[in-house]
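# Descriptive structure summary
Here's the letter readout for the chains.
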Amino acid sequence: MAKLLFLGQLEDIAGAPDLTVPLQGPTTLADILLMLPPILGDALSGPKVKLALNGTLVTSADLILIDADELAFLPPVSGG
């Protein structure tokens, strides 16, 4: 199982602050996104969404999740 965390507007799209997904071994980010409703998967795969794996910022290239990982999706930040 991996825990997905949704922050800011992504939580609104997800309808919850987090979600636990089952893993059948090491799983790519692309495979995780396919497990989610299309509207959420599309929002999370946006180019400005940042990722934090177990508290450390990472890039999506070659991201692999394993059992007990926590992946946070950070929305784009706007300023004024």
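Conventions adopted
Residues numbered from 1 in each chain as written. Predicted model: local features only at pLDDT ≥ 70, side-chain atom pairs only at ≥ 80, totals over all residues. Heavy atoms only, no water. Pairing = 2+ DSSP bridges. Helix = DSSP H or I, 4+ residues; strand = E, 2+ residues; numbered from the N terminus. Axes fitted to C-alpha atoms, helices over the stretch in contact; angles between N-to-C directions. Phe/Tyr/Trp six-rings, centres within 6.5 Å; stacked < 30°, edge-to-face > 60°. Buried < 20%, exposed > 50% of the residue type's maximum accessible area, 1.4 Å probe, protein only. Contact = heavy atoms within 4.5 Å. Core = buried A, V, L, I, M, F, W, Y, C linked by side-chain atoms within 4.5 Å.

### Things to note about the sheet that holds strand β1 (residues 2-6)
Strand order across the open sheet formed by five strands is β2-β1-β7-β4-β5, with mixed pairing between neighbours. Each edge of the sheet is formed by a strand with only one pairing partner; in this case those strands are β2 (18-21) and β5 (56-58). Each strand axis lies, on average, 25 degrees off the axis of its neighbour in the sheet, ignoring direction. As paired strands, strand β4 (residues 50-53) and strand β7 (residues 70-74) are joined by four bridges and run antiparallel to one another. Residue pairing across strands places Leu-53 opposite Leu-71, the latter belonging to β7.

### As for the packing of aromatic side chains
Counted by the stated rule, this structure contains one aromatic pair. Ring geometry for Phe-6 and Phe-73: centres 5.9 Å apart, planes at 20 degrees, overall stacked. Here Phe-6, found in strand β1, pairs with Phe-73, found in strand β7; they are 67 residues apart in sequence, far enough to count as distant. Here Phe-6 matches Phe-73 in class, with each residue buried.

### Thoughts on the environment of Pro-76
You can see Pro-76 is positioned in the segment after β7. A relative accessible area of 35% places Pro-76 in the partly exposed class. Remark: the alpha-carbon pair of Pro-76 and Lys-50, spanning 26 residues in sequence, is separated by 7.4 Å. Discounting chain neighbours no more than four positions away, the residues touching Pro-76 are Gln-9, Lys-48 and Val-49.

### A few points about the nonpolar core
In this structure, Leu-4, Leu-44, Leu-65, Leu-71 and Phe-73 are the most contacted members of the largest nonpolar core, which totals 19 residues. At the level of secondary structure, the elements contributing two or more residues to this core comprise β1, α2 (29-35), α3 (38-44), β4 and β7.

### Description of the pairing of β1
For β1, the tally of buried residues reaches four of five residues, placing the bulk of the element in the interior. The sheet contact formed by β1 and β2 spans four bridges and is antiparallel. Looking across to β2, one finds that Ala-2 is bridged to Val-21. In this structure, β1 lies alongside β7, joined through four bridges in parallel fashion. Following the sheet pairing, Phe-6 is matched in β7 by Phe-73.

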